[in-house]
Amino acid sequence: MHSQAAGSKRKPRIRNRARNKCNLGIGDQKEASQDVASQEVTLQGGAPQEVAPLDVSPQEDPPQEPVPKSSPPEVENPPENDVIKLIQQLLRRKLLAKNKEISNPAANESDSLKTNPCRVEPTKQPSIIDLVPVKIPTTKTSPPKESKPQEKKPKTGDSIPKIPIASGKSSKEVKADEVNELLKCLGTKLQMGPGESPTAALFSNLGKLFSQAPLDDVESSDDEAEYIEYIYKPRQYFMAALCNFCKVDLCGQNRQPCSRCGLSYYCSGGHMKEDQEHRQLCYALRQTVDRKGHEMFYKCGDFNSEQFRSYRIVCIRQVEKEMNRQLSPMEQELLLFPLLCCDPKCREHRFKRLSICGGCGEVAFCRDKPNHLSTEHAKWCGAYRLFKGFAMFQAKYGRLEPSLPNKVLRELPMACSSTRHMMKKLSFNVTDELEYAALSQVSTGPLTAWFALKLCERLRDSEEVTLHLIGAEIEFEVDVLQKWELFLLHITPTVKTLNVVFIGPELNPNNICFEQLKKIKCCRLCRKFQRTVNYHFENRLYHDYCNEAHFIKPSLVCFFNSGLYRSTGYAMEDTWPDTIQAALNLKCPIVVTSYTKYEAPLDMVHFINQSNRHLNVVLPPTTNPFSSEKPERNFISDNEAPFMFKNFYCFVVE
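Residues numbered from 1 in each chain as written. Predicted model: local features only at pLDDT ≥ 70, side-chain atom pairs only at ≥ 80, totals over all residues. Heavy atoms only, no water.

**Here we look at the pairing of strand β13 (residues 649–653)**
Every regular strand shows the same layout, with side chains that alternate between the two sheet faces.
In step 1: When you tally the buried positions in β13, you get 5 out of 5 residues, the bulk of the element.
In step 2: Residues Tyr-649, Phe-651 and Val-653 of β13 are buried on one face, and the alternating residues Cys-650 and Val-652, pointing to the opposite face, are buried as well.
In step 3: Note that strand β9 (residues 590–594) and β13 share 5 bridges and pair antiparallel. Residue Ser-594 lies in a different strand from β13, and its bridge partner there is Tyr-649. (Buried < 20%, exposed > 50% of the residue type's maximum accessible area, 1.4 Å probe, protein only. Helix = DSSP H or I, 4+ residues; strand = E, 2+ residues; numbered from the N terminus. Pairing = 2+ DSSP bridges.)

In C-alpha cells:
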C-alpha cells in the first residue's frame with residue numbers, strides 16, 4: 001500500500017459518509033491528505049462551492065487530528081459575519097497544514113499556503129484571546145450532521161475577504177502576516193480616530209467595551225436564575241351580575257336564569273346550553289330541591305341573620321352529598337350569595353318578582369316594593385362595581401399586576417397620613433381605579449407596619465428593623481415579596497437591614513421551596529449602599545418559634561387579619577392564648593388589624609383579657625389609613641358589611 005501511494009497518485013474518491021481517521025493506517029492518512037489537497041485545487045479553480053462544516057466537540061478519548069471532508073455543492077448562503085469568517089479561515093488553514101505535515105513533511109511549506117474557505121455558523125463573538133496566535137489542541141471529530149434550514153434570512157451582499165499571502169516565506173512569517181492582516185481587517189470595520197491605525201482602533205474599542213458598566217440592573221443570567229418568586233393565581237368568582245359562561249356584565253341587559261336550578265345567570269340561551277361546567281352542579285341542585293319538596297331559598301325571610309347564614313352552609317353540605325365531592329369555592333358562592341331580595345325580612349327568591357340595581361347589577365329588591373332596597377346600599381354599590389371589575393378582568397386576563405414605585409426616599413415621610421399621600425411622596429400616580437385598588441392590597445402590609453412603628457417612635461434612629469408576621473398567609477403577606485423593600489425599606493432611609501419573619505402553621509400549604517424565595521435580591525441602589533432585606537419562613541406556631549435557638553427578637557409584632565376573637569384556630573383548636581402571651585412577653589410594639597369594624601373591638605377585648613401586664617394602648621381600634629381598598633366578599637357578617645378589606649381596622653399596643 002505504501003508503494004502504490006508513492007508510485008502513482010490515486011484518483012480521489014467521493015464518500016457519502018465521514019471517514020473515521022482512528023481506523024486509518026499511515027498510508028491511508030497520506031491518501032486522505034492527498035484527497036484533501038486535490039479537492040482544494042478543484043474548489044479554487046472551478047465553480048464556487050462550500051465545504052461541510054466540521055463538527056468538533058471535546059471527547060474523553062485521546063485527541064486526534066481532524067480530517068476535513070467535502071460535501072456536495074449546496075446553494076450558496078451569504079456569510080453573516082466577516083470577522084468570524086476570517087478567524088475560521090485561519091483555523092482551517094492551520095488544521096490543513098498539520099494534516100500535510102503528517103502525510104508529506106517535504107511538501108509542508110508549499111501545501112500549507114493553500115486555502116480552503118469553509119462555512120461554519122458563528123456561535124459566539126470573538127474575544128481578545130482569539131487574536132493571539134496559540135497552538136490549538138485538536139480534538140476527535142464526529143460525523144457531520146445534516147444542517148437545518150435557518151429561520152432568519154441571512155444578510156446579502158457580504159463575502160469572505162481573502163487574505164493575500166506572499167509566497168516564499170516561512171511558516172512563522174506567514175502566521176505573523178496572517179495575524180497582522182486579521183487585525184487590520186477587524187480595525188477597518190470600526191470607527192477610527194484621526195491618525196489612528198486599524199490595529200489601534202481595534203484595541204481601543206475593545207478597551208472601551210470591557211470598561212463599560214452594565215446597561216441594566218441585571219448582573220448576570222446566573223444571578224437571575226438563582227431564585228424564583230411565588231406568583232399567586234386568582235380563582236374565578238360567581239356573581240349574579242355576570243354571565244356564568246362568558247363573564248360579560250349583565251347589568252342593564254336581559255339576563256336569563258338557568259332553566260333548571262334558577263341560580264346561575266346567562267347573557268343568552270346559547271351560553272346557557274354551552275356551560276358544561278355548570279351541568280353537574282345544576283343536576284345536584286335540582287336533586288336537592290326535589291328532596292326538600294320546595295325551592296332552595298323558599299321562605300328564607302323567616303330566618304334571622306345567623307340562621308340564614310347557617311342554612312346556606314347546610315345547603316352546601318346537602319349538595320356535596322348529592323355530588324359525592326366537595327364544592328369548589330366558585331360553586332359554593334352560588335349558594336352563599338344568591339340573588340334574593342335584599343330586605344332581610346323578605347328574601348324573595350323568584351326572579352320574575354325582582355328588580356335589580358342598575359348601578360352594580362348584583363343587589364335585588366321586590367319589584368312591587370321599592371322600599372326594600374336599603375339606603376345603606378348606596379354606600380356599598382361602588383364596592384360591588386369594583387369587585388365585579390376584578391372578577392371580569394381576572395376571567396379574561398388573569399391576575400391584575402399593578403405597577404410598583406421604585407423611588408428611594410432620603411428623608412422620613414412623617415407627614416404622610418394615607419396610602420395616597422405616600423404614593424404621591426413616591427412620585428407614583430395611578431389613575432385607574434382597579435389598578436390602584438390592587439396596589440393598595442400590595443402595599444397595606446408594609447405601610448401598616450411602618451405606620452405602627454411611626455406611632456411608637458421607632459423609626460428615626462433604627463439601623464435594623466425586624467418584623468414578626470404572625471399567622472402569615474402565602475397569598476397575602478408573602479405575595480409580591482419585594483413589597484417589603486419597596487414600601488418599607490425605601491421609605492425609611494436610616495434602616496440598613498430589614499428582617500421579615502413569616503410565621504404560621506399554615507404558611508406553606510403547597511410545599512413551596514422557601515430557600516429559593518430567600519434569594520430575591522434588593523434593587524441596585526440598595527445593593528450599592530449595602531442595604532438588605534432578609535426573609536425568614538417559620539412554618540409553625542408562634543410560641544413554638546419563640547423557643548427556637550435561631551429566634552430573632554422583633555422590633556414589631558404584627559397580627560394581620562388574624563381574627564383573635566374566634567375560638568376556632570389552627571386544627572380547630574384555640575391556640576391564640578399561648579401565641580398572645582408569647583408576643584406580650586417580648587415587650588415590644590404590637591399591631592393588630594381586622595377585616596371589618598365589627599371584628600376590631602372583639603379582637604381588642606380578647607387581647608387585653610389574655611394579657612398578664614398593663615398595656616399601653618398607643619392607638620385604639622380605628623380605621624387604618626393604609627388599609628387595602630380591594631374589596632373581598634364577606635360571609636361572616638354580610639348583614640352588616642357585604643365586603644371586607646385587608647387591614648381595614650387596627651389598634652396598636654406597647
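**Examining the pattern of salt bridges**
In step 1: Applying the stated rule across the entire model yields 21 salt bridges.
In step 2: The partner of Lys-379 in a salt bridge is Glu-376, with the nearest N and O atoms 3.2 Å apart.
In step 3: For Glu-548, the salt bridge is made with Arg-540, and the minimal N-O distance between the two is 2.7 Å.
In step 4: Exposure remark for Arg-540: the relative accessible area of 28% places this residue in the partly exposed category.
In step 5: Residues joined by salt bridges that share partners form a network here, namely Arg-235, Glu-333, Glu-362 and Arg-633. (Salt bridge = Lys/Arg side-chain N within 4 Å of Asp/Glu carboxyl O.)

**Considering the nonpolar core**
In step 1: Residues Leu-467, Leu-469, Leu-481, Trp-484, Leu-498, Phe-502 and Phe-537 are the most contacted members of the largest nonpolar core, which totals 56 residues.
In step 2: Here the element with the most residues in this core is helix α14 (residues 433–455); it accounts for 9 residues.
In step 3: Apart from the residues lying within four places of it in its own chain, the contact partners of Leu-498 are Val-465, Leu-467, Trp-484, Leu-488, Leu-489, Thr-532, Val-533 and Asn-534.
In step 4: Formed by 36 residues, the second largest nonpolar core is a distinct cluster that contains Phe-297, Tyr-311, Leu-327 and Leu-335. (Core = buried A, V, L, I, M, F, W, Y, C linked by side-chain atoms within 4.5 Å. Contact = heavy atoms within 4.5 Å.)

**Side note on the packing of aromatic side chains**
In step 1: The tally for this structure, following the rule as stated, stands at 22 aromatic pairs.
In step 2: Judged by centre distance (4.8 Å) and plane angle (75 degrees), the ring pair of Tyr-384 and Phe-643 falls under edge-to-face. In this pair, Tyr-384 sits in helix α12 (residues 377–397) while Phe-643 sits in strand β12 (residues 643–644), placing the two residues 259 residues apart along the sequence. For the pair formed by Tyr-384 and Phe-643, the shared burial category is buried.
In step 3: Ring geometry for Phe-648 versus Tyr-649: centroids 5.5 Å apart, planes at 45 degrees, classification tilted.
In step 4: Here the guanidinium or amino end of Lys-483 rests over the ring plane of Phe-476, the centre of that ring lying 5.2 Å away.
In step 5: Taking NZ or CZ as reference, Lys-630 lies 4.9 Å from the ring centre of Phe-390, over its face. (Phe/Tyr/Trp six-rings, centres within 6.5 Å; stacked < 30°, edge-to-face > 60°. Lys NZ or Arg CZ within 6 Å of the ring centre and 35° of its normal.)

**What to know about helix α19 (residues 576–585)**
Count 3.6 residues to each turn of an α-helix, and residues three or four apart come out pointing the same way.
In step 1: Every buried residue of α19 is accounted for by Trp-576, Thr-579, Ile-580, Ala-582, Ala-583 and Leu-584.
In step 2: The inward-facing, buried residues of α19 abut β5 (464–470), α18 (542–545), β8 (556–559), β9 and α20 (599–609).
In step 3: Among the residues trailing α19, Lys-587 stands out with phi positive, at a value near 55 degrees.

**Examining unusual backbone geometry**
In step 1: The residue Glu-457 is not glycine, and still its phi comes out positive at about 55 degrees.
In step 2: On the secondary structure map, Glu-457 appears in the loop between α14 and β5.
In step 3: Judged by relative accessible area, Glu-457 falls into the exposed class, the value being 73%.
In step 4: Here the phi dihedral of Val-480 falls at roughly 55 degrees; this positive angle occurs in a residue that is not glycine.
In step 5: For Val-480, the location among the structural elements is in the loop between β5 and α15 (483–489).

**Here's the deal with helix α10 (residues 305–323)**
In step 1: The end-to-end C-alpha separation of α10 is 28 Å, in line with the 27 Å expected for 19 residues at 1.5 Å each.
In step 2: Among all positions of α10, only Phe-308, Arg-309, Tyr-311, Arg-312, Cys-315, Ile-316, Val-319, Glu-320 and Met-323 are buried.
In step 3: Of the surrounding elements, those touching the buried residues of α10 are α9 (279–292) and α11 (329–336).
In step 4: Between the side-chain oxygen at the start of α10 and the backbone nitrogen of Glu-306 there is a gap of 3.2 Å, and the oxygen is on Asn-304.
In step 5: Count one or two residues on from α10 and you reach Asn-324, which has phi positive near 60 degrees. (Expected span 1.5 Å × (residues − 1). Polar contact = N/O pair within 3.5 Å; in protein donor to acceptor, adjacent residues only side chain to side chain.)

**Observations concerning the side chain of Asn-561**
In step 1: One can find Asn-561 in the loop between β8 and α19.
In step 2: Note on Asn-561: relative accessible area 10%, which makes it buried.
In step 3: One polar contact links the side chain of Asn-561 to the main-chain amide nitrogen of Asn-647, over a distance of 2.8 Å.

**Here's the deal with the environment of Glu-463**
In step 1: Looking at the secondary structure, you find Glu-463 in the loop between α14 and β5.
In step 2: Sequence spacing of Glu-463 and Pro-493 is 30 residues, and the spatial spacing of their C-alpha atoms is 8.9 Å.
In step 3: When neighbours within four sequence positions are excluded, Glu-463 is seen to be in contact with Thr-494, Val-495, Lys-496 and Thr-497.

None of the figures reported here should be taken as evidence of function without further support.
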